[in-house]
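Okay, here's what each chain looks like letter by letter:
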Amino acid sequence: VYLMTMIHEIAPDLFRLSIYVPHIDMQFNHFLVRDDEPLLFHAGLKGMFPQLHKAVATLIDPATLGHIAWSHFESDECGALNEWLQ
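Calculation criteria
Residues numbered from 1 in each chain as written. Predicted model: local features only at pLDDT ≥ 70, side-chain atom pairs only at ≥ 80, totals over all residues. Heavy atoms only, no water. Helix = DSSP H or I, 4+ residues; strand = E, 2+ residues; numbered from the N terminus. Rg over C-alpha atoms; globule rule 2.2 N^0.38 Å. Contact = heavy atoms within 4.5 Å. Pairing = 2+ DSSP bridges. Axes fitted to C-alpha atoms, helices over the stretch in contact; angles between N-to-C directions. Salt bridge = Lys/Arg side-chain N within 4 Å of Asp/Glu carboxyl O. Buried < 20%, exposed > 50% of the residue type's maximum accessible area, 1.4 Å probe, protein only.

Participant: Help me out: how do you make sense of the overall build of the protein chain in this one?
Facilitator: When helices and strands are counted, the protein chain shows three helices and five strands. Each helix and strand of the protein chain, placed in order from N terminus to C terminus, yields the pattern β-β-β-β-α-β-α-α. The C-alpha radius of gyration computed for the protein chain amounts to 12 Å, which stays within 12% of the reference 12 Å derived for 86 residues, consistent with globular compactness. In terms of principal-axis extent, the alpha carbons of the protein chain reach across some 40 × 25 × 20 Å.

Participant: What's the story with the side chain of H30 in this structure? I'm lost.
Facilitator: Take H30: it is sitting in strand β3 (residues 26–33). Apart from the residues within four sequence positions on either side, H30 is in contact with F15, R16, L17, I19, L40, F41, H42, A43, G44, M48 and L52.

Participant: What is the right way to read the sheet that holds strand β1 (residues 6–11) from this model?
Facilitator: Working definition: the strands of a sheet are paired by backbone hydrogen bonds and lie parallel or antiparallel to each other. Strand order in the open sheet made by the five strands is β1-β2-β3-β4-β5, with mixed pairing throughout. Each of the sheet's edge strands pairs with one partner strand only, and the pair in question is β1 and β5 (67–69). Strand-to-strand twist across the sheet, computed as the mean angle between neighbouring axes with direction ignored, equals 20°. Judged from the three bridges that link them, strand β4 (residues 39–41) and β5 form a sheet pairing that is parallel. Counterpart to L39 in the pairing with β5 is H67. Those strands touched by helix α1 (residues 49–57) are β1, β2 (14–21), β3 and β4, and its axis lies near 150° from that of β2.

Participant: Looking at this structure, I do not really get the pattern of salt bridges. What am I missing?
Facilitator: Note that side chains of opposite charge can pair when their charged atoms are close. On inspection of all chains with the given rule, the structure shows two salt bridges. Two residues, D13 and R34, come together in a salt bridge whose shortest N-O distance is 2.9 Å. With D13 in the loop between β1 and β2 and R34 in the loop between β3 and β4, the pair connects residues that are 21 residues apart, well separated along the chain. In this structure D13 comes out as partly exposed when scored by relative accessible area, which is 32%. Among the ionic pairs, K46 bridges to E83, the shortest N-O distance being 3.7 Å. Note that K46 is positioned in the loop between β4 and α1 and E83 in helix α3 (residues 81–85), a separation of 37 residues in sequence.

This is the structure we're talking about:
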């Protein structure tokens, strides 16, 4: 079970979307750059996709997402890539 996604604007049009998982006491952070070609940094875990998608939708139309990037190849960075591409 994940808690609500927290959204913080950390710079103009740069948002941190944080999802806390209490049973492992870990927070997962994703970053959205709201621009002409929006960028999502970290696609997130596959199981977090519905929640992260809903949070992104409060900031932009997810269909306008132009770029997805990640820092390294692990499931918490790119596990939901296929869901975003759909």
